[in-house]
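Secondary and tertiary structure notes
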Amino acid sequence: MKSLFKGAGIVMLAGAFAVSGCSGNGNGANNQSGNQKADFNQTGLPIVKDAVTLRMVSPKAALAPEFSEMEIFKRLEKDTNVKINWENIPDTDYAEKKNLLLASGDLPDAFYAAGFTDYELINYGKDGTIIPLEDLIDQYAPNLKALLDRRPDIKSSITAPDGHIYGLPSFEENNLGTNPFFHVINKSWLDKLGLKVPQTLDEYTEALLAFKTQDPNGNGKQDEIPLSFMHMQWCMDIAGLFGAFGLPDNLEHRVVRDGKVIFTATQPEYKEALNYFHEKWYKTGLIDPESFTQDAAQYLAKGKTTDETLGSFVWWEIEEVVGTERAKDYVLLSPLKGPNGDQTIGRANGGGPGRGSFVITKENSNPEITMRWVDQQFEPYMAAQIHWGPLDIVYKKDENGKLVNLPLPEGTSAGEFRQKVAPGSGAPGVITFDDFGKVVDMEPRAQQRAKDLEQYYNPYMEKENYPNIFFEPEELDKINKIEPELIKYVNTQRGRFIVDGGTDAEWDSYLKTLDKMGLKELMEIYQTGLDRYNANLKK
Amino acid sequence: MNQLLKRKSRGDMWFDIINYILLTLIMLLVLYPLYFVLVASFSDPNNIYSGEVWLFPKGFTFDGYERIFSDSSIWIGYANSILYATLGTLIGVAVTVFAAYPLARKDLAGKSIIMWFLLVTMFFSGGLIPTYLLIKDLHMLNTMWALVIPGAGGVFNVIIVRTFFQSSIPDEMWEAASIDGCSNTRFFWSFVLPLSKSILAVMVLYHVVGFWNGFFDALIYLNDESKYPLQLVLRNILVQNQVNSGMMIDVESYAAKMRVTELIKYGVIMVSSLPLLILYPFLQKYFVKGVMIGSIKG
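The rules behind these values
- Residues numbered from 1 in each chain as written.
- Chains lettered and ligands numbered in written order.
- Predicted model: local features only at pLDDT ≥ 70, side-chain atom pairs only at ≥ 80, totals over all residues.
- Heavy atoms only, no water.
- Helix = DSSP H or I, 4+ residues; strand = E, 2+ residues; numbered from the N terminus.
- Contact = heavy atoms within 4.5 Å.
- Areas by Shrake-Rupley, 256 points an atom, 1.4 Å probe, with all protein chains shown as cover.
- Axes fitted to C-alpha atoms, helices over the stretch in contact; angles between N-to-C directions.
- Parallel < 35°, antiparallel > 145°, perpendicular 65-115°, else oblique.
- Left-handed = near helix turned anticlockwise from the far one by under 90°.
- Nonpolar A, V, L, I, M, F, W, Y, C, P; charged D, E, K, R; others polar.
- Buried < 20%, exposed > 50% of the residue type's maximum accessible area, 1.4 Å probe, protein only.
- pLDDT = per-residue confidence, 0-100.
- Phe/Tyr/Trp six-rings, centres within 6.5 Å; stacked < 30°, edge-to-face > 60°.
- Pairing = 2+ DSSP bridges.
- Polar contact = N/O pair within 3.5 Å; in protein donor to acceptor, adjacent residues only side chain to side chain.
- Lys, Arg positive; Asp, Glu negative; His and termini not counted.
- Salt bridge = Lys/Arg side-chain N within 4 Å of Asp/Glu carboxyl O.
- 1 Å grid on protein atoms, 1.4 Å probe; cavity = no way out; pocket = protein on both sides within 12 Å on 5 of 7 lines; lining within 4 Å.
- Points joined across faces, edges and corners; volume = space filled by probe spheres on them.

As a further point, take the overall build of chain B. In terms of regular secondary structure, chain B is built from 15 helices and zero strands. Across chain B, contacts joining residues at least 24 apart in sequence account for 70% of those joining residues at least 6 apart. Total accessible area on chain B is roughly 16400 Å²; 69% of this is exposed by carbon and sulfur atoms.

Here you go:
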């Protein structure tokens, strides 16, 4: 055995040499495009006289065609004379493949809809794998430059702490996600039971109780589910209901009031809410016990059972849960007034522009051409088409030149169709709040959502949120080290407190555990980041 | 039969009965999920999730299959998978057998050194990134060769086949044949291979199953969607079910994805595993024999 390992060592060593030798040769061999600056037009179209090919890696939805077959990119190629050699990776496997390409040095000219995290932007920017873009933007990206000049907040949020811009923004500034938790109740059941739409938490509790006990669907069975949700999931959680106790919650348990960062899950209001939910709801069987374990498919199925069984739920949109037929039975609930008269709803954190949607690598020998190509997509009309779909397929121009939606092809849903004709929301391009209504119409469903937000939630909404802050690498390290475990613990405990109760007995040890996990340090980092961000805005 | 039963002691009988009961239970445990998938593939997804589907399809529908059969990428994937599995199995089995036979012979010089080299690869692998670079420098990226060549001839298989040869092809046979003027090559083709059908069948099954179910290599090495094997196509459709942060921006298309996924999930599992379910019984009779002999230490 001993001799075997000796032999193995030699073999490994030889292998290591072979591999390193190979990779040395391989690097730099993939510049298919070469240097063709002579052809390059500084302004106007096409960008180059003779076609240039760039290699780009991009994720795509599984049902979408390859980007080379998408009409929108064919048009871009025709206009610019820049041919893109697309390498599309299924979005579900993209992160893995991206890491492999970056780690092995097998770099394309650019990553498109790149989804680079802050961490990746900084680290790969620091070691030179991806190049700083601010000079290129100044010289070759008139559309993007105009946007950044007009909107310093966007510029500041895509600028890394070291002052460079490594990734280009992607942003649909529609403010639709400010409150993701649309809280829904079965109005037809309320009517049947002679109850009015609840205004306070206690009325709501009464309604749930009536749903459970008085057989509102009339099938003689007690199969009604008074309240179902998905524990700590985007747009399906009851975090919005915590607001009735004075301090709204969100998925990060992190809210901002008067510039101060507050961790909600250690506050007395939070504890009071948990007590209420356990005592009044869980113990009495008003909460669907599967709320803590179900996945979205199960959840959505509950709205579509043969007999109507769902009393109240939380989701992005009513139709998706209960189907278009039943949607008229349900209504949205404004934030409920709590036992102490509080009535407020949280504002989702983040929500600024994505900043890693396009990066150029060091292997790119035509960064100017690349920048000019991608800058086309920051022209507002083009940005809209890149995000939702091209003219004549999804949009037509009305008499004012605004893009308005064409009817969908029969038998397809908007979301599904959008995937097939456009790279979608992760792609570069910014549609600002001003552009909606002027350059492009919101999709009909988005318009509806904006109206609902206005009517039901905006009046009660918290003023501040925690913006999408670009942290220093050391801060990110610390956050990445502390936060995932801590949030996991808090969420597990939240589930336990709602199901089993026992907040009074266990609260102190719960707080102590959080201290040990580094809650204080974490909050300090967030506070520092926020202070820095606010200071920058005033500059 | 009666005779047999009578001769058994009471204890033996109980042992048999309990055995049969346990085995039946285990069989049901294995069969039911398969059956459920079949039934579910004909049912309305909402009924499945509300737990109403159990023994018979509920909300009977062909929608899932209709979608599957109208989706070209699934058929391209099917064709690719058949190509990769056939080609990969041919190459893999050939390499395995060609490697195993000499190693099974006593008169091969340097046998132990070669064996060492092979064994080392069982303990140490290059790791993902070096392997990726190697494939890249061999210019096999984005070609089917990246799937069928690097994995050909697993050492474990070589050992099984070698042991099979050693134990089922006596040296005396080669002596007798060579005295009659038979060459090495002739001996291999006319004696060894025909006598080793069972182990060949096992190897074929191992390889076919491996290639049919494999998606990771394809995921890493292929860029071109028209080259994806079936499992990768299916995986892309199925794993969309996860709720991820990307959803924050685009809940609507998430729900659209999910609806499609739910509709075709079970049908897709049926369609993809059917070929293996069909293949298996034909090879199974060789299976026990081949593996058992091959795995005896020689």
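Once that is clear, we can look at the packing of helix 17 (residues 473–500) of chain A against helix 19 (residues 519–538) of chain A. Residues and elements named next belong to chain A. Axis separation between helix 17 and helix 19 bottoms out at 10 Å; the angle between their running directions is 130 degrees. Comparing the axis directions of helix 17 and helix 19 gives the class oblique. The two elements helix 17 and helix 19 meet at a crossing, and its hand is left-handed. Of the residues in helix 19, those in contact with Glu475, Lys478, Ile479, Ile482, Glu483 and Leu486 of helix 17 are Leu519, Glu521, Leu522, Ile525, Tyr526, Thr528 and Arg532. Class assignment for the residues of the contact of helix 17 with helix 19 results in seven nonpolar, one polar and five charged.

On to unusual backbone geometry. Residues and elements named next belong to chain A. Positive phi, normally seen in glycine, also occurs at Asp215, with a value near 50 degrees. Relative to the elements of secondary structure, Asp215 occurs in the loop between helix 9 (201–213) and strand 6 (225–228). A residue is classified by how much of its surface remains accessible, and Asp215, at 24% relative accessible area, is partly exposed. A positive phi is found at Asp392, a non-glycine position, where the angle reads about 75 degrees.

This part is about the confidence of the model for chain A. Of the residues in chain A, 92% reach a pLDDT of 70 or more, and the chain-wide mean stands at 87. In this model residues 1–36 of chain A is a low-confidence stretch, pLDDT under 50, and it forms 35 contacts with partners more than four residues away in sequence or in other chains.

This next bit is on helix 3 (residues 94–104) of chain A. Each α-helix winds once per 3.6 residues, and so residues spaced three or four apart point in a common direction. For helix 3 of chain A, the complete set of buried residues consists of A:Tyr94, A:Lys97, A:Lys98, A:Leu100, A:Leu101, A:Leu102 and A:Ser104. Considering only its buried residues, helix 3 of chain A is in contact with strand 1 (52–60), strand 2 (82–90), strand 3 (110–112) and helix 4 (118–126) of chain A together with helix 7 (128–137) and helix 13 (216–221) of chain B. At the C-terminal side of helix 3 of chain A, A:Gly105 shows a positive phi close to 75 degrees.

Aromatic rings in a pair are described by how distant their centres are and how their planes are angled relative to each other. Within the structure shown, the criterion is met by 53 aromatic pairs over all chains. Arranged with centres 5.9 Å apart and planes meeting at 85 degrees, the rings of B:Tyr101 and B:Phe165 form a pair that is edge-to-face. Placement of B:Tyr101 in helix 5 (residues 72–104) and of B:Phe165 in helix 9 (residues 155–168) is noted, with a sequence separation of 64 residues between them. Judged on exposure class, the residue B:Tyr101 and its partner B:Phe165 are both buried. Taken together, the aromatic side chains of A:Tyr204, A:Phe242, A:Phe245, A:Tyr270, A:Tyr276, A:Phe277 and A:Trp281 make up a single cluster linked through ring pairs.

Residues and elements named next belong to chain A. Within the open sheet, the four strands sit side by side as 2-1-3-11. Their pairing is mixed. Edge positions in the open sheet fall to strand 2 and strand 11 (358–360), since each of these has one partner strand only. Pairwise comparison of adjacent strand axes, ignoring direction, gives a mean angle of 25 degrees for this sheet. Sheet topology note: the strand 3/strand 11 ladder contains three bridges and is antiparallel. Across the sheet, the residue bridging to Tyr112 is Phe358, located in strand 11.

Its location among the elements puts A:Thr305 in the loop between helix 11 (296–302) and strand 9 (310–315). At 3.0 Å, the side chain of A:Thr305 forms a polar contact with the side chain of A:Thr309. Those residues in contact with A:Thr305 that sit more than four places away from it in its chain are A:Arg326, B:Ser50 and B:Glu52.

All names here are of chain B. For chain B, per-residue confidence averages 83 on the pLDDT scale, and residues scoring 70 or more make up 87% of the total. Counting contacts from residues 242–249, a segment whose pLDDT is below 50, to residues more than four positions away or on other chains yields 10 contacts. Scored as a whole, the predicted complex attains pTM 0.78, and scored at its interfaces, ipTM 0.75.

Moving on, we get to the side chain of A:Asp375. Residues and elements named next belong to chain A. Inspection of the secondary structure assignment puts Asp375 in helix 13 (residues 367–375). For the buried Asp375, no salt bridge is present, and the opposite-charge side chain at shortest range is Arg372, 6.2 Å distant. A polar contact of 3.1 Å, which involves the side chain of Asp375, links it to the backbone nitrogen of Asn143. In this view, Asp375 contacts Tyr140, Ala141, Pro142, Asn143 and Leu144; residues no more than four positions away in its chain are not counted.

Our next topic: the environment of A:Glu524. Relative to the elements of secondary structure, A:Glu524 occurs in helix 19. Sequence-wise, A:Glu524 and A:Val261 are 263 residues apart; in three dimensions their C-alpha atoms are separated by 8.7 Å.

All names here are of chain A. The two faces of strand 8 (residues 260–263) differ: Val261 and Phe263 on one face are buried, but Lys260 and Ile262 on the other face are not. As judged from the four bridges shared by strand 7 (residues 254–257) and strand 8, these two strands associate in the antiparallel manner. In the strand pairing of strand 8, Arg254 is matched with Phe263. Between strand 7 and strand 8, which pair antiparallel one after the other, the connecting turn spans two residues, and Asp258 there sits at a positive phi close to 50 degrees.

Residue and element names in this part refer to chain A. Taking strand neighbours across the sheet as the criterion, the four strands line up as 6-9-5-10 in an open arrangement whose pairing is mixed. Both edges of this open sheet fall to strand 6 and strand 10 (330–332), since each of them pairs with a single strand only. When strand polarity is set aside, the average angle formed by the axes of neighbouring strands in this sheet is 20 degrees. Note: strand 5 (residues 182–186) against strand 10, three bridges, orientation antiparallel. Paired with Val184 across the bridge in strand 10 is Leu332. The strands touched by helix 12 (residues 318–326) are strand 5, strand 9 and strand 10; relative to strand 9, the strand with the most contacts, the crossing angle is about 135 degrees.

Before going further, it helps to spend a moment on the pattern of salt bridges. Evaluation of the coordinates by the stated rule reveals 31 salt bridges over all chains. A:Lys283 serves as the salt-bridge partner of A:Glu279, at 3.3 Å between the closest nitrogen and oxygen. Here A:Glu279 falls in the partly exposed class, since its relative accessible area comes to 42%. The salt bridge partner of B:Asp171 is B:Lys106, with a shortest N-O separation of 2.7 Å. One end of the pair, B:Asp171, is in helix 10 (residues 171–179); the other, B:Lys106, is in the loop between helix 5 and helix 6 (111–123), with 65 residues separating them in the sequence. Judged by relative accessible area, B:Asp171 falls into the partly exposed class, the value being 30%. Overall, B:Lys106 belongs to the exposed group, its relative accessible area being 67%. Because the salt bridges share partners, they merge into one network encompassing A:Arg55, A:Glu87, A:Asp106 and B:Lys136.

Further remarks concern empty space enclosed by the protein. The tally for this structure, following the rule as stated, stands at four cavities of 30 Å³ or more. In this model, the largest cavity occupies a volume close to 80 Å³. Here the lining of the largest cavity is composed, by residue class, of nine nonpolar, three polar and one charged.

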